[in-house]
Each structure stands twice: as structure tokens, then as C-alpha cells.
Amino acid sequence: MSDQLSLSCRCGAVQGHMTVEDLAAIPRYVCYCDDCQAFIRYLDRAEEVFDGCGGTEVVHATPASLHLDSGTEHLRCLDLRGGGTLRWFAACCGSPIGSTPKSPGFPFVSLVATFIRDTREKASIGPIRGRLMLKYASGDVGPLRKDALPAFRMFLRVARTMLIERLLRRHRPTPFFQAGGASPLSPPQALTAQERARVYGGPAA
Ligand SMILES: [Zn+2]
Ligand SMILES: [Zn+2]
């Protein structure tokens with residue numbers, strides 16, 4: 001028996017679902033890093049996405065568990081730093097979707113939790129397992145520190161997951177890359193200098 005989470009952008013043009021063995025076992029984190037914050041500011045979704053301290057709630061998924069059923073023509077991705085990560089969003093309404101490594105050979109997706117639209121389903125996901133990069137958080141972060149998770153431990157968890165999924169050959173299919181190929185469905189966009197100044201500018205609103 002597997003469970004299912006319904007996925008949708010805000011306007012409903014991009015729809016999908018995620019299949020999981022056990023909703024309560026889905027890894028759930030909150031990230032406060034400057035890149036996550038910049039991504040949400042780029043989309044003007046701070047009010048909808050951020051917790052009170054600039055954090056973005058994400059759930060970790062494998063590409064093969066994600067299925068986009070409609071609206072894939074609206075998918076766009078940002079390459080914030082020319083690094084190894086693509087940040088995906090729905091251009092129809094500017095909803096964040098999540099991030100993936102730049103290559104489909106690395107089977108990992110960090111899904112922004114607002115892409116899970118059904119609040120009842122979302123409530124059945126397990127507890128937050130860690131808060132990352134709290135040094136970038138703003139406001140009253142004191143109560144959050146008990147959940148702080150060092151970046152290297154997160155890296156080890158993700159690397160372990162990717163290794164297992166890759167060995168099990170569950171890096172395919174992926175909804176973000178062309179079938180059988182290595183090209184993202186949409187060419188990665190870089191930020192202009194003005195966009196960079198705006199989204200990395202001040203502290204979290
Ligand atoms: Zn939309
Ligand atoms: Zn982050």
C-alpha cells in the first residue's frame with residue numbers, strides 16, 4: 001500500500017502527485033540559507049512560503065516518486081550561482097516547486113512544501129527533522145535552535161539517499177529532465193545583476 005500527496009501550483013495549471021510508502025516517514029526540513037531565501041524573493045512568494053524567520057519548509061523526494069500530470073510547459077528553472085543546483089518553479093503563477101541537482105544522474109529532489117496543496121495531506125507528513133543554515137535566519141531564532149542540523153550532517157544524509165537511489169536505479173524517470181536525456185525540461189536561467197542585488201540584498205522580510 002502506498003500513500004499519495006497531491007501537488008499543485010497556486011493557479012492549478014501545474015498538477016502532479018508524489019507516491020510514498022509512508023507519509024509519516026517523508027523527510028521534512030526547514031532551510032534558511034541565502035539561496036533558498038533568494039529563490040523565494042525572486043518569485044515574490046515570501047509571505048506565502050517563509051516561516052517567521054525566513055525559512056522555507058521542504059520535503060525530500062526521489063525523482064521517480066514525483067509525477068507531473070499537467071502543465072509541464074510552465075516549468076522553468078533558475079541557476080542562482082552557476083553551481084550544481086537548479087531551482088524549479090511554475091511560471092504560470094510564480095509558484096516555487098523545488099530544487100534538483102543539475103544532472104539527472106543525482107537522484108534527489110527537495111520539494112518546497114507549499115507545492116503540496118492539500119493541507120490535510122500535508123498535516124500527515126512526519127515532524128520537522130532539522131533546521132538548516134540558521135545563521136541566515138532573521139528574527140527570534142532562539143526557539144528554533146533546538147532543531148538545528150549542521151550542514152555536513154544534512155549533506156551526508158542526502159549523499160547516502162542519492163547513493164542508494166542510484167544503486168536501485170530510481171533516478172529515472174524524472175519529471176524535470178527530458179526522457180532518457182540529461183537536458184533540463186527548460187533551459188536554466190541566470191539572474192541579472194539587478195535581480196541578484198534585489199534577491200540577495202537585505203535580511204529576510
Ligand atoms: Zn500556476
Ligand atoms: Zn536552502
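Note that the structure is predicted; figures quoted are calculated from it, not measured.

(A) Structural view of the overall build of the protein. In terms of helices and strands, the protein carries 5 helices and 10 strands. Taken over the C-alpha trace, the protein has a radius of gyration of 16 Å; the compact-globule value for 205 residues is 17 Å, and the two agree within 12%. Principal-axis analysis of the C-alpha atoms places the extent of the protein at approximately 40 × 35 × 30 Å. Expressed as a percentage of the 205 residues in the protein, the buried residues total 48%. Of all intrachain contacts in the protein linking residues separated by at least 6 positions in sequence, the fraction that spans at least 24 positions is 66%. Here the protein has roughly 9,900 Å² of accessible surface; of this, 55% comes from carbon and sulfur atoms. For the protein, the centre of its 25 positive side-chain charges and the centre of its 19 negative side-chain charges are spaced 6 Å apart.

(B) Main features of the coordination of the zinc ion (ligand 2). Donor atoms from the polypeptide that bind the zinc ion (ligand 2) are Cys-31 (SG), Cys-33 (SG) and Cys-36 (SG), placed at 2.2 to 2.3 Å. Written as a sequence motif, the donor residues of the zinc ion (ligand 2) are C-x1-C-x2-C. Cys-33 shares its class with Cys-31; the two are buried.

(C) Local environment of helix H4 (residues 151-167). Compared with the 24 Å implied by 1.5 Å per residue over 17 residues, the 24 Å span of H4 between its first and last C-alpha is a close match. All buried positions along H4 are accounted for by Met-154, Val-158, Met-162 and Glu-165. Burial along H4 is one-sided: seen end-on, the buried residues are contained in an arc of 65°. Set apart from the buried face of H4 by more than 90 degrees, the exposed residues are Phe-152, Leu-156, Arg-160, Leu-163 and Leu-167. Taken together, the buried residues of H4 touch strand S3 (28-31), strand S4 (56-61), strand S8 (95-101) and strand S10 (131-132).

(D) Highlighting the sheet that holds strand S1 (residues 3-8). The 3 strands are arranged S1-S2-S5 in an open sheet whose pairing can be described as antiparallel. One side of each edge strand has no neighbouring strand; the edge strands of this open sheet are S1 and strand S5 (66-70). When the angles between neighbouring strand axes are averaged without regard to direction, this sheet yields 25°. As paired elements, strand S2 (residues 15-20) and S5 share 4 bridges and run antiparallel to each other. Looking across to S5, one finds that Met-18 is bridged to Leu-66.

(E) Geometry of the pairing of S1. Bridge analysis of S1 against S2 gives 6 bridges, and the strand direction is antiparallel. Each bridged residue has a counterpart across the sheet, and for Leu-7 the counterpart in S2 is Gly-16. Here S1 folds back onto S2 in antiparallel fashion, the turn holding 6 residues, of which Gly-12 has a positive phi close to 90°.

(F) Structural context of the environment of Val-199. Its location among the elements puts Val-199 in helix H5 (residues 193-200). Since its relative accessible area comes to 0%, Val-199 is described here as buried. Sequence-distant contacts of Val-199, defined by excluding residues within four places in its chain, comprise Ala-38, Arg-41, Tyr-42 and Leu-191.

(G) Just the sheet that holds strand S9 (residues 109-112), in detail. Pairing is mixed in the open sheet, where 7 strands are placed in the order S6-S7-S8-S9-S4-S3-S10. Every interior strand has two partners, whereas the edge strands, strand S6 (75-78) and S10, have only one. Two elements, S3 and S10, share 2 bridges in a ladder whose sense is parallel. Among the inter-strand pairings, Cys-31 is bridged to a residue of S10, identified as Leu-132. Of the strands in this sheet, S3, S4, S6, strand S7 (85-90), S8 and S9 are in contact with helix H1 (residues 34-42), which crosses S7 at around 30°.

Calculation criteria
Residues numbered from 1 in each chain as written. Chains lettered and ligands numbered in written order. Predicted model: local features only at pLDDT ≥ 70, side-chain atom pairs only at ≥ 80, totals over all residues. Heavy atoms only, no water. Helix = DSSP H or I, 4+ residues; strand = E, 2+ residues; numbered from the N terminus. Rg over C-alpha atoms; globule rule 2.2 N^0.38 Å. Buried < 20%, exposed > 50% of the residue type's maximum accessible area, 1.4 Å probe, protein only. Contact = heavy atoms within 4.5 Å. Areas by Shrake-Rupley, 256 points an atom, 1.4 Å probe, with all protein chains shown as cover. Lys, Arg positive; Asp, Glu negative; His and termini not counted. Charge placed at Lys NZ, Arg CZ, Asp CG, Glu CD. Donors = N, O, S within 2.8 Å, 3.2 Å for Na, K, Ca; no water. Expected span 1.5 Å × (residues − 1). Arc of directions from axis to C-beta. Pairing = 2+ DSSP bridges. Axes fitted to C-alpha atoms, helices over the stretch in contact; angles between N-to-C directions.

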